[in-house]
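Listed here are the chains, written in short residue letters.
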Amino acid sequence: MASTEAFQALAARAAEKFGDAIVETTERLGELTLVLHREQLLRACRILRDDKDFGFEQLIDVCGVDYSAFGEESAQGPKPGPRYAAVYHLLSLRHNRRLRLKVFLDDEMPMVESVVGIWNSANWFEREAFDLFGIVFEGHPDLRRILTDYGFIGHPFRKDFPVSGHVEMRYDPEKQRVVYQPVSIEPRVLVPRVIRDKGFARG
């Protein structure tokens, strides 16, 4: 685990290079997170990969986050601000350290530029976030669903997505093919809802 001094030096270097592109810098549970303006993501990522002081040559994960219900049990109510975020986890083998990037996205059309041209490993990760959260990665070379069926309607990891889904499929012997139709079961919750402590690290 990197020391606080190492995180402070990394954060200071990032502030020097990126300036007002950084919205927020946090250190929690031994990890440093930079929240960036969406429009500055690609520029920051190229610098983080190519600048020898950073050396984040490896992207180990891209994931989506839906904050729609986060904090709604608290006295302050739900979390204010954008509903969706894209989160990037970077690794520097040269310096043996990790970094998390986060960009918040529009509620109605969550969209951000693809980083596949910087780290090719982002290809499948971005497809997964598109499939499950509906985040559109502009410039992705092949942005198709990766886990759900091509005819699937909706995005399963959105917190407003029903447990039973919107449609069901069955084989129609008359048409001799698989057909889709609205779900015919009553929606129900089969597992208890897990409410985490506010201090738990997010995204």
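The structure under discussion appears in the preceding block.
Model, not experiment: these values are computed from the prediction. Positions within a chain are numbered from 1, following the residues in the order the chain's sequence is written. Where local features are concerned, this predicted model is filtered to residues with pLDDT of at least 70; where side-chain atom pairs are given and counted, the filter is 80 or more; whole-chain, interface and lining totals use all residues. As a rule here, side-chain values cover all heavy atoms of the structure and leave hydrogens and water aside.

## Overview of the pairing of strand β5 (residues 97-105)
Pairs of strands are assigned from DSSP output, requiring at least two bridges between the strands. By definition, any uninterrupted DSSP run of H or I lasting at least four residues is a helix, any uninterrupted run of E lasting at least two residues is a strand, and each is numbered from the N terminus. In the sheet, strand β2 (residues 31-36) pairs with β5 via four bridges, with the strands oriented parallel. Paired with L34 across the bridge in β5 is L101. Direction of pairing for strand β4 (residues 84-92) relative to β5: antiparallel, over a ladder of nine bridges. Following the sheet pairing, L90 is matched in β5 by L99. Between β4 and β5, which pair antiparallel and follow one another directly, the connecting turn spans four residues, one of which, N96, has a positive phi of 55°.

## With respect to the nonpolar core
Of all hydrophobic cores here, the largest spans 39 residues; its most connected members are F18, L41, Y88, L99, L101 and V115. Elements with a minimum of two residues in this core: α1 (4-18), β2, α2 (41-50), β3 (58-66), β4, β5 and α3 (122-133). The contact rule is simple, with two residues in contact once any of their heavy atoms fall within 4.5 Å. Dropping the residues within four chain positions of it, V115 is found in contact with L41, L42, C45, L59, Y88, A122 and E126. Take the buried Ala, Val, Leu, Ile, Met, Phe, Trp, Tyr and Cys residues and link them wherever side-chain atoms come within 4.5 Å; each set so joined is a nonpolar core. Here's how the labels work: a residue is buried when its accessible area is under 20% of the maximum for its type, exposed when over 50%, partly exposed in between, all with a 1.4 Å probe on protein chains only.

## Notes on the packing of aromatic side chains
The aromatic pairing rule takes the rings of Phe, Tyr and Trp, using the six-membered ring of Trp, and pairs them if the centres are within 6.5 Å, calling planes under 30 degrees apart stacked, those over 60 edge-to-face and the rest tilted. One pass over the full model with this rule turns up three aromatic pairs. Here the aromatic rings of F18 and F54 are separated by 5.9 Å at their centres, their planes lie at 15°, and the arrangement is stacked. With F18 in helix α1 and F54 in the loop between α2 and β3, this residue pair connects regions lying 36 residues apart in the sequence. Ring centres of F133 and F157 lie 5.6 Å apart, and the angle between their planes is 80°; this geometry places the pair in the edge-to-face category. Of the two residues, F133 sits in helix α3 while F157 sits in the loop between β7 (136-138) and β8 (167-172), which places them 24 residues apart along the sequence. For F133, a relative accessible area of 10% corresponds to the buried category.

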